[in-house]
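# Architecture and fold: a report
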Amino acid sequence: MNEAEFKDMIEDSPFAGSPVKPIMLKENATLQFRCHRNVKCWNACCSNIDIPLTPYDVLRLKKRLDMSSGEFLNQYSVPFEMDKDGMPGIKLKPVEGGTACQFMTPEGCGVYEDRPTACRYYPVALLTMRRSDEYVDRSAYALVKEPHCLGHFEDKTQTIEEYRGEQGVEEYDQKAHSWRQLVVKRKSAGPAIGKPTPVSNQLFFMASYDVDRFRAFVMSPSFNDTYDIPVEIMATLIADDEVLLDFGLNFLRHTLFGEKFVEERPDAYEKRLARRRAMAEQQKEAEFQQKMALEDEKYSGNL
């Protein structure tokens, strides 16, 4: 892999924008690193956070905190744009007026068992990319050595794969694989799909992160008038967040790239057209009534 390719991959990593240049790692590379409470820099990395979240990160944390996805997003996340076309992403929101993680405690991470992917990987980054003329994603690892981190001077050594196993990232990577593929495909497609509309970005955000609002969307009469979803599948979507997330990512492929996933009802177009006409008529009627009310108010003082 050449320097230009590595630079492209860094731009998509959790350490994008970091003044510290990552070191490229081979698959069988050995990592010397250990983080524990007795290391002098304990909690330093959690005191100044810049942590992107995957959809699976949100599912784990909202379940841990017994919150709806909307409540979690409002309290614990901040939006950012993952590309120049406004592809929506989210990061952990720090404490009010500061830079520390809201989950940081003197003992360490308050949600350690359900901590985000980027936290599990640190100080390693998983990098994924695909060029516009390629059909296969490429992944690599990179190591970031930040000046404050003393874990690199500990005497524990292991391979990257062993470290991944120790940190429990396999499950997180597996659950986020389809989403990462979707992000990479959307970035690499570029002009092939045109500039995404605000509506498509809103749909991307909802299906990726706001799973409870997406569930309401899937259950809505307008969605079911358009798409033919078998009853048993709909029941599973209502009951299981992870199944709903997978459905949402496939639905995004359906809407963004035309990869057929769900069947449209034969009369779906006519029903959509009828709904739009009805909404237009309602809007016209509302505007007329508002105008008449203003006219009545104008002349009421002369009666």
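Summary of the structure given here. Here the structure is a predicted model, which means the values were calculated and not measured. (Residues numbered from 1 in each chain as written. Predicted model: local features only at pLDDT ≥ 70, side-chain atom pairs only at ≥ 80, totals over all residues. Heavy atoms only, no water.)

## So, the overall build of the chain
On a plain count of helices and strands, the chain comes out with 12 helices and 9 strands. Evaluated residue by residue, the chain yields a buried proportion of 41% over its 303 residues. A separation of at least 24 residues holds for 70% of the contacts in the chain among residues at least 6 apart in sequence. Roughly 17500 Å² of accessible area belongs to the chain as shown, and the carbon and sulfur atoms make up 53% of that amount. (Helix = DSSP H or I, 4+ residues; strand = E, 2+ residues; numbered from the N terminus. Buried < 20%, exposed > 50% of the residue type's maximum accessible area, 1.4 Å probe, protein only. Contact = heavy atoms within 4.5 Å. Areas by Shrake-Rupley, 256 points an atom, 1.4 Å probe, with all protein chains shown as cover.)

## Section: the environment of Y56
With respect to the helices and strands, Y56 occurs in helix α2 (residues 55-65). Spatially, the C-alpha atoms of Y56 and Y209 are 8.4 Å apart, while their sequence positions differ by 153 residues. Residue contacts for Y56: discarding those within four places in its chain leaves E171, Y172, K175, E242 and L245.

## With respect to the environment of K26
Structurally, K26 is set in the loop between β1 (23-25) and β2 (30-32). K26 gets classed as exposed once you look at its relative accessible area, which sits at 65%. In this structure the C-alpha to C-alpha distance between K26 and A142, which are 116 residues apart in sequence, comes to 8.5 Å.

## Concerning the pairing of strand β3 (residues 77-81)
Pairing between β3 and strand β4 (residues 88-92): 5 bridges, direction antiparallel. Directly across from V78, in β4, lies its bridge partner K91. Linking β3 back to β4 in an antiparallel pair, the connection comprises 6 residues, with G86 at a positive phi of about 80°. (Pairing = 2+ DSSP bridges.)

## Some words on the packing of aromatic side chains
In total, this model carries 17 aromatic pairs according to the counting rule given. Consider the rings of F223 and F251, whose centres lie 5.5 Å apart with planes at 55°: the pair is tilted. You can see F223 sitting in helix α9 (residues 221-226) and its partner F251 sitting in helix α11 (residues 241-257), a full 28 residues away along the chain. Take F223 and F251: they sit in the same class, and that class is buried. Feature note: the residues F214, F217, F223, Y227, F247, F251 and F261 constitute an aromatic cluster, connected by ring pairs. The ring centre of F257 lies 4.8 Å from the NZ or CZ of K185, which sits over that ring. (Phe/Tyr/Trp six-rings, centres within 6.5 Å; stacked < 30°, edge-to-face > 60°. Lys NZ or Arg CZ within 6 Å of the ring centre and 35° of its normal.)

## What to know about helix α7 (residues 198-208)
Of the positions making up α7, those classed as buried are S200, N201, L203, F204, M206, A207 and S208. Structurally, α7 contributes buried residues whose contacts are with α2, β4, α6 (169-189), α8 (211-219) and α11.

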